[in-house]
Amino acid sequence: MDKRVVFLAVCAVVPAAVLAQTDPGVRGGAINGQPGATATRPLPLLSVIEEQPRGVLEFFQNGLSRFQDVETVNNSANVGLGPRFNMNQCSACHAQPTIGGSGAANNPQFAAIGDGVVDGATNTMPSFITAHGPTREARFPFFMSASGAPLTGSPNGGVEDLFTVSGLAGAAGCSLSQPAFAQALAANNVIYRIPTPLFGAGLVENLDDATLMANKAAQAANTLGITGTFNRNGNDGTIARFGWKAQNKSLLMFAGEAYNVEMGITNELFPNERPLPQEDQATGLPAGCMNLGGKGYPEDATNFQVTASADQAAQNAQVSSDIVMFAEFARLLAPPLPAPTTGPGGASAFVAGLALFKSVGCAACHTPTLNATQASQVTPSLSKAAVNAFSDFEIHDMGTGLADNVSQGGAGGNQFRTAPLWGAGQRIYFLHDGRTSDLLVAIRAHASSGSEANEVVENFNGLSPTQQQEILDFVRSL
Amino acid sequence: MGRCLASVALAAVALLMGAAGADEVPRNTLIVKGAWPSASDPTTPLPEGGELAAGSYQNAYFGLTLRFSSRWQPGLAGPPPSDSGAYVLAQIVPAAGPAAARPGHLLISAQDMFFTATATRSALALINYTSEHLDRSVYRIEEAPRETRLAGRSFVRFAYYAPAAAMHWQVLATEIRCHVVEFVLVSAEGARMAELLQAIDRMPQTGAAADGGVAAAGEVPLCIANYAGPDTLLEHEEPRFTESRFNSIPVRIVIDGAGRVKHIHFLRAFPDQAHAITDALRRWRFKPHLLDGRSVEVETGLVFGRGAAPVAALAPAASR
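**Q** Lay out the packing of helix α12 (residues 346-359) of chain A against helix α16 (residues 465-475) of chain A with the relevant residues and their values.
**A** All names here are of chain A. Viewed as axis vectors pointing N to C, α12 and α16 meet at an angle of 105°, and their least axial separation amounts to 7 Å. With respect to α16, the element α12 is oriented roughly perpendicular. On α16, the residues that touch Ala349, Phe350, Ala352, Gly353, Leu354, Leu356 and Phe357 of α12 are Gln467, Glu470, Ile471, Asp473 and Phe474. Looking at the contact of α12 with α16 residue by residue, the class counts come to 8 nonpolar, 2 polar and 2 charged.

Okay, structure coming up:
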């Protein structure tokens, strides 16, 4: 080929490529926008640092410590792992950009066999768990026949834990197989969820229903085709707000379920060992897999006897169970702060990006600020505070492209909670299943048949590449 | 005979191939639906049942046909109706071509005024609500909501602009069958409103939309808000739900000339809820509604579950 032709062709392509909008990627700089935070030291709310009330900082530190506890089958200070589990440490999965966040760049689940967390003789690494992919839990939307055919008339949706304790010290009598992941993958019957970050969760928990409903009412006649509804707690009818489908009412519920489902640790909210959904339809877990910790149930419980300490707060903090302290840690975690001047594109892109973000309709669901939390007995920073979460905490129809065919509470298989965007600048994976690290792909994935976001994505697509870039830069500044 | 056997063999192969396909969960398909729309019969037109094809959008429920040129094409299907009675009826987007020649995109939506969360009861009130709730730090009003006439019927027109995005929203809204139907054009040029007005002005209207909203007697049911009340309801029983939930269940019903419920449309209900409500509504009996001395069909709304009002507390209030 004539070299001049090649040169001209390249010249014709390169300017377009240079101008095309791209995700600037994970923002550098201060972790969570908070000077002083490190990858292993997340910051609590300001009033917690100020010890309001006295002793609250000790509870945060105690919760942070327990969040990093390595759980084992038995014979340690933290027993009760399994018999089925996804990981052995809260902070392993909630790690990015610091403890309490979402999945890290290097997936610790992939290293579980090499690290001895899982016995490689009895467990194999599922193909969807990779060294540098998203940290995941897996669910089978439907039960399967013995031959592996999905039974679409029998919805499942429960978590299929990746690993078993079989082969580990203390689990000699427990022989369990992993779920049939290969079979389920062949049947397109696996969906994934990635960890939701916990920063600012105490503020979200402390939003009164009336505040959320007033925000919804303000959007009730938008011209974007967006409606939304709330996932109401099945026990008392109030608005649930945690988890990818807003299925959990409170942080304590979130913690209790995480201990039970993700680590296999029974607790005062979920006091029984959890079989897989298909095991629970048959005979449950085998007797040889019960009470492996040797302490009886629940494996995580209130500590009636604690070590006496001259520090009253330190002594008090020992009394609560792990799930209570997990919830306290999450409740007291500071929210991420935006980087309005140091984010990608600088201050001008932040201002322009925010204006465009609102203009095209993103803010109809990703509400920048909910004002304000109810009075808090816990600590002043949770009282009457603005919540800059960029979420309405409603569930929305998100179309067939994102639908996972898993129903949780009032949420159907196509409905998801508006993911809070605070801290999105330092997130690695996006969407409920972590299918992409590219923010632009994530935005466009909001559009598919049956999605409430179709009109907003069409508006976004109507922007110039420069304007789209400003929105990407803005979101990466959060 | 040989050809017959060959056909049978081919059919068997096709069947087996189909069976193989059934061993996989269909991709991009929603199966586990949660609360979802449904209707008691497959033939009565529903608001969400319009047909969007190349060149036109037709909606038998509203009696509308909107034709569009080859510069446009059908967009993605919208979500199911909401539990507050909001519909995305159609999205029409630019056909592929130079960006400068693109006409913008059009959203056709509807709000059921029986279930609206805005407490508004007319197109003008609803669009005023929209206008009042626009973030003025983001949007500038170009045309305040005002009434106009097009194609022989009343519309509300409204326009606003987002300077940062250089986008114009031009809204035309009209009342049909106790819904507000909205046409929302988003474009880079404010002058596109004229194009939208022309398209709407040429829009054929039948049934519910015909003659400025006054359909021929009997052609479509008369819609009346809060019709089910002590003055109209002769017999009724409450649904017997099998599970406590906390969702709102908006239901549109059509009552025939003899006072029986002849059609039920659930905007959103879990299947067990729809079943229980259907069982109950089959037993309801209304006084026949008389218009000019003749009994006519009536269409009204009921809310069960969250936000339901006791039937005895409802007072009928006629509206068009």
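**Q** How would you sum up helix α3 (residues 56-67) of chain A? Please name residues and give values.
**A** Residue and element names in this part refer to chain A. For α3, which comprises 12 residues, the first-to-last C-alpha distance of 16 Å matches the rise-based estimate of 16 Å (1.5 Å per residue) to within 8%. Looking only at α3, the buried set comprises Val56, Phe59, Phe60, Gly63, Leu64, Arg66 and Phe67. Angularly, the buried residues of α3 cover 165° about the axis, an arc narrow enough to put them on a single face. Looking at the buried side of α3, the elements it contacts are α2 (46-49), α4 (90-93), α10 (312-319) and α11 (322-332).

**Q** Quick rundown of helix α4 (residues 271-281) of chain B? Include the residues and the values.
**A** Residue and element names in this part refer to chain B. When α4 is considered as a whole, its buried residues turn out to be Gln273, Ala274, Ala276, Ile277 and Leu281. In a view along the axis of α4, the buried residues occupy a sector of 165°, so they form one face of it. In α4, those exposed residues whose orientation departs by more than 90 degrees from the buried face are Asp272 and Asp279. For α4, the elements touching its buried residues are β1 (36-39), β14 (248-255), β15 (261-269) and β19 (298-305).

**Q** So what about the pairing of strand β11 (residues 179-187) of chain B? Which residues, and what values?
**A** Side-chain direction in a regular strand flips from residue to residue, so the side chains alternate between the two faces of the sheet. Residue and element names in this part refer to chain B. Burial within β11 is extensive, with 9 of its 9 residues counted as buried. Along β11, one buried face is formed by His179, Val181, Phe183, Leu185 and Ser187 and the opposite face, lined by Val180, Glu182, Val184 and Val186, is buried too. Alignment of strand β7 (residues 105-112) against β11, held across 8 bridges, turns out to be antiparallel. Residue His105 lies in a different strand from β11, and its bridge partner there is Val186. With 9 bridges connecting them, strand β10 (residues 167-176) and β11 associate as antiparallel partners.

**Q** Before we move on, could you go through the sheet that holds β11(B) and cite the residues and values that matter?
**A** Residue and element names in this part refer to chain B. The strand order across the open sheet formed by 7 strands is β5-β6-β7-β11-β10-β9-β8, and the pairing between neighbours is antiparallel. With partners counted over all chains shown, the strands left at the sheet margins are β5 (72-74) and β8 (140-150), one partner each. Sheet twist, expressed as the average angle between the axes of neighbouring strands with direction ignored, equals 20°. With 7 bridges connecting them, strand β9 (residues 153-162) and β10 associate as antiparallel partners. If you follow Ala162 over to β10, its bridge partner there is Met167.

Cut-offs used in this document
- Sequence order sets the numbering: in each chain, residues are counted from 1 along the sequence as written.
- Each chain takes a letter, starting from A, and each ligand takes a number, starting from 1, following the order in which they are written.
- For a predicted model such as this one, the threshold for reporting local features is a pLDDT of at least 70, and the threshold for listing and counting side-chain atom pairs is 80 or more; totals across whole chains, interfaces and linings nevertheless cover every residue.
- For every element, the axis is a line fit to its C-alpha atoms; helices are fit only across the contacting stretch, and the angle between N-to-C directions ranges from 0 to 180 degrees.
- In this text, helices come from DSSP runs of H or I with a minimum length of four residues, and strands from runs of E with a minimum of two, each type numbered from the N-terminal end.
- Geometric relationships in this document are graded by angle, where less than 35 degrees denotes roughly parallel, more than 145 denotes roughly antiparallel, 65 to 115 denotes roughly perpendicular, and other angles denote oblique.
- A residue pair is marked as a contact if its C-beta atoms, positioned from the backbone, fall within 7 Å.
- Each residue is assigned to one of three groups, with Ala, Val, Leu, Ile, Met, Phe, Trp, Tyr, Cys and Pro labelled nonpolar, Asp, Glu, Lys and Arg labelled charged, and all others, Gly among them, labelled polar.
- Multiplying 1.5 Å by the helix residue count minus one yields the expected span of that helix.
- Partly exposed residues are those falling between the two cut-offs: more than 12 but fewer than 20 other C-beta atoms within 10 Å of their own, whereas 20 or more means buried and 12 or fewer means exposed, with C-beta atoms placed from the backbone.
- For this quantity, the arc is that covered by the directions from the helix axis to the C-beta atoms.
- Two strands are said to pair when DSSP picks up at least two bridges between them.

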